[in-house]
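So the chains spell out like this:
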Amino acid sequence: MSPLFRERLRIGLGTNWLTVAGYRRSPRSKPIRREVIPFEPASATAPWQAAVDALPTALAKAGKAEVTVVLSNHFVRYALLPWSAALGSEEAWLAYAQHRFAAVHGAQAAQWTLRIAPTAWRGARVACATESALLEALRARLGERNVRL
């Protein structure tokens, strides 16, 4: 199959479910696969572990596919960072976001991966944080199937 028409999978990770939507990459892309995979929730220490462990079930029917993983808000924390003229670089914004998450969530924020998105010119920025261990587990599990996150 041509890489231009390779299947695309969008997988949603929740606390006790996975949703899978498969599409063909074509001009008129319609879903070719829709599935909800339930599982037992994981422990409180790593609530995302059961979702990551259920990924092979979602990937079992996929051949060579491009995979996008969408995380439930249960696994992501958000902060709105007000615009500041003093923050002139992306590194400064990231340091500010790290400071804000640490102030709100404490020492555990040091274990999170942060991303920042601008909203408007001279506008606030949205920062999101996810446990780094979750992202590493996703990369490892998808890497077992030679799928890039």
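So, here's what we can say about the structure. (Residues numbered from 1 in each chain as written. Predicted model: local features only at pLDDT ≥ 70, side-chain atom pairs only at ≥ 80, totals over all residues. Heavy atoms only, no water.)

### Some words on the environment of Leu55
What counts is decided by this rule: Helix and strand assignments follow DSSP, with helices taken as H or I runs no shorter than four residues and strands as E runs no shorter than two, numbered in order from the N terminus. Three labels apply to residues, based on accessible area from a 1.4 Å probe with only protein chains included: buried if under 20% of the type maximum, exposed if over 50%, partly exposed otherwise in between. Note on contacts: a residue pair qualifies if any of its non-hydrogen atoms lie within 4.5 Å across the two residues.
By secondary structure assignment, the location of Leu55 is in helix 2 (residues 55-59). Judged by relative accessible area, which is 0%, Leu55 ranks as buried. For the pair Leu55 and Ile37, spaced 18 residues apart in sequence, the C-alpha to C-alpha distance is 9.4 Å. Those residues in contact with Leu55 that sit more than four places away from it in its chain are Ile11, Leu13, Leu18, Leu138, Arg141 and Leu142.

### Some words on the nonpolar core
To be explicit about the condition: Nonpolar core, defined: a set of buried Ala, Val, Leu, Ile, Met, Phe, Trp, Tyr and Cys residues in which side-chain atoms within 4.5 Å join the residues together.
Formed by 27 residues in total, the largest nonpolar core has its most connected members in Ile11, Leu13, Leu18, Val67 and Leu138. At the level of elements, strand 1 (7-13), strand 2 (17-24), helix 1 (49-53), helix 2, strand 4 (65-71) and helix 4 (132-143) are the ones that each hand at least two residues to this core. If we ignore the near neighbours within four places in the chain, the residues touching Leu138 are Leu13, Val52, Leu55, Val69, Leu71 and Leu149. Counting residues in each nonpolar core, the second largest holds 11 residues, with Trp93, Ala97, Trp112 and Ala127 among its members.

### A word on the packing of aromatic side chains
So the rule is basically this: Stacked, edge-to-face and tilted labels apply to pairs of Phe, Tyr and Trp rings (six-membered ring for Trp) whose centres lie within 6.5 Å, assigned for plane angles under 30 degrees, over 60, and everything in between, in that order.
Summed over all chains, the structure comprises 2 aromatic pairs. Centre to centre, the rings of Phe101 and Trp112 are 6.1 Å apart; their planes meet at 80°, and the pair counts as edge-to-face. With Phe101 in helix 3 (residues 90-105) and Trp112 in strand 6 (residues 112-118), this residue pair connects regions lying 11 residues apart in the sequence.

### Describing the environment of Ile32
As for its position among the elements, Ile32 is in strand 3 (residues 31-38). In this structure, the C-alpha to C-alpha distance between Ile32 and Arg8, residues 24 residues apart in sequence, is 9.8 Å. Discounting chain neighbours no more than four positions away, the residues touching Ile32 are Glu7, Gly22, Tyr23 and Arg24.

### Here we look at unusual backbone geometry
Here the phi dihedral of Arg122 falls at roughly 55°; this positive angle occurs in a residue that is not glycine. Relative to the helices and strands, Arg122 is located in the loop between strand 6 and strand 7 (125-131).

### Digging into the sheet that holds strand 3
Rules: Strand pairing is defined by DSSP finding a minimum of two bridges between the two strands. Every axis corresponds to a line fitted to the C-alpha atoms, with the helix fit spanning only the stretch in contact, and the corresponding angles, defined between N-to-C directions, vary from 0 to 180 degrees.
Ordered by their spatial adjacency, 4 strands build an open sheet running 3-2-1-4, and the pairing between neighbours is mixed. The sheet is open, and its two borders are formed by strand 3 and strand 4, each paired with just one other strand. When strand polarity is set aside, the average angle formed by the axes of neighbouring strands in this sheet is 15°. Inspection of the sheet shows strand 1 paired to strand 2 by 7 bridges, in the antiparallel sense. Residue pairing for strand 2: Arg10 is matched across the bridge by Ala21. Strands strand 1 and strand 4 of the sheet are contacted by helix 4, whose axis makes an angle of about 160° with strand 4.

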